[in-house]
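# A structural walkthrough
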Amino acid sequence: MVGKITVITGPMYSGKTTELLSFVEIYNIGKKKTIVFKPSLDDRYGIDTVATHTGFQVKAHRISKSDEIFDYINEDVDAVFIDEVQFLDVQLIDIVKKLVFKGIDVFCAGLDISYLENPFETTAKLLAIADEVIKKKAVCEKCGEHRATYSYKIVPNGGEIDIGGKDKYIAVCRECLRELKNL
Ligand SMILES: [Zn+2]
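Residues numbered from 1 in each chain as written. Predicted model: local features only at pLDDT ≥ 70, side-chain atom pairs only at ≥ 80, totals over all residues. Heavy atoms only, no water.

As annotated in an unreviewed UniProt entry, the protein carries the name Thymidine kinase and comes from Thermosipho atlanticus DSM 15807. Taken directly from UniProt, the Subunit (unreviewed entry) text for the protein runs: "Homotetramer." Under Sequence similarities (unreviewed entry), UniProt gives the following word-for-word description of the protein: "Belongs to the thymidine kinase family." (UniProt positions renumbered as here; feature names shortened; annotations may be inferred.)

Okay, structure coming up:
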């Protein structure tokens, strides 16, 4: 049996990690062997945790390159979960394909587009090969409607990849984005 590829995407604050971890929970309840990864953005390695806002948390391996995933894979693994895939190199696509041919289910979560509205290449390529795509929405910071699909940067400095939270980004809907950008 081959595995399946599920990609969870959307803007910041749309609950991607929570959705990812809800699948970890499902596999854990089924006594399946799961393994969770997240990119190391600051040269810290080892075990970290990934947590939802509701307090459910799991251990995650920090990796700086996609192929490090293989260092942790053995025959027992049923499902692999990768958070923040937009920060991993595009080699991840080949690795995901290899994992599913080993019979492993793969779940990826990550931003689809940058605040400059450019697709993140790794996420985009994963979306193209996914069996299932879950596109999440956030609550728009401007109008309060649950239809935000954009991460809008509220501070002017920094490059396209500029790690931050509420201090730097808000989630907005397309209509509010148009107003913010005076289009
Ligand atoms: Zn709005």
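### Some thoughts on the UniProt feature "active site" (unreviewed entry) in the protein
In the UniProt entry, the feature "active site" (unreviewed entry) is given for Glu 84. Other than its neighbours up to four places away in sequence, Glu 84 contacts Pro 39, Ala 109 and Gly 110. Only 2.8 Å separates the side chain of Glu 84 from the side chain of Gln 86, close enough to count as a polar contact. (Contact = heavy atoms within 4.5 Å. Polar contact = N/O pair within 3.5 Å; in protein donor to acceptor, adjacent residues only side chain to side chain.)

### Some words on helix H2 (residues 92-101)
Every buried residue of H2 is listed here: Leu 92, Ile 93, Ile 95, Val 96, Leu 99 and Val 100. Angular distribution of buried residues about the axis of H2 spans 160°; they occupy a single face of the element. Of the residues in H2, the exposed ones pointing more than 90 degrees away from the buried face are Lys 98 and Phe 101. In this fold, the buried residues of H2 make contact with strand S1 (5-10), strand S5 (79-82), strand S6 (105-111) and helix H3 (121-129). Positive phi shows up at Gly 103, right after H2, with a value of about 90°. (Buried < 20%, exposed > 50% of the residue type's maximum accessible area, 1.4 Å probe, protein only. Helix = DSSP H or I, 4+ residues; strand = E, 2+ residues; numbered from the N terminus. Arc of directions from axis to C-beta.)

### Focus: the layout of surface pockets
Estimates place the volume of the largest pocket at around 750 Å³. Met 12, Lys 16, Thr 17, Glu 84 and Gly 164 are the residues nearest the centre of the largest pocket, which is lined by 37 residues in total. Of all elements in the fold, only helix H1 (16-29), strand S2 (34-39), strand S3 (46-51) and S6 reach the threshold of two or more residues within the lining of the largest pocket. Of the residues assigned to the lining of the largest pocket, the class counts are 16 nonpolar, 13 polar and eight charged. (1 Å grid on protein atoms, 1.4 Å probe; cavity = no way out; pocket = protein on both sides within 12 Å on 5 of 7 lines; lining within 4 Å. Points joined across faces, edges and corners; volume = space filled by probe spheres on them. Nonpolar A, V, L, I, M, F, W, Y, C, P; charged D, E, K, R; others polar.)

### Description of the coordination of the zinc ion
Around a metal, the ideal angle is 109.5 degrees if four donors adopt a tetrahedral arrangement and 90 or 180 degrees if six donors adopt an octahedral arrangement. Protein ligation of the zinc ion involves Cys 140 (SG), Cys 143 (SG), Cys 173 (SG) and Cys 176 (SG), the donor distances falling in the range 2.3 Å. The coordination sphere of the zinc ion comprises four donor atoms, whose angles at the metal cover 101 to 118°; the geometry is tetrahedral. Of note, the zinc ion draws all its donor residues from one chain, in the sequence arrangement C-x2-C-x29-C-x2-C. Of this pair, Cys 140 sits in the loop between strand S7 (132-135) and strand S8 (150-153) while Cys 173 is found in the loop between strand S9 (169-172) and helix H4 (174-180), placing the two residues 33 residues apart along the sequence. A single burial state applies to Cys 140 and to Cys 173, both of which are buried. (Donors = N, O, S within 2.8 Å, 3.2 Å for Na, K, Ca; no water. Tetrahedral: all angles 85-135°; square planar, octahedral: opposite > 155°, others 65-115°.)

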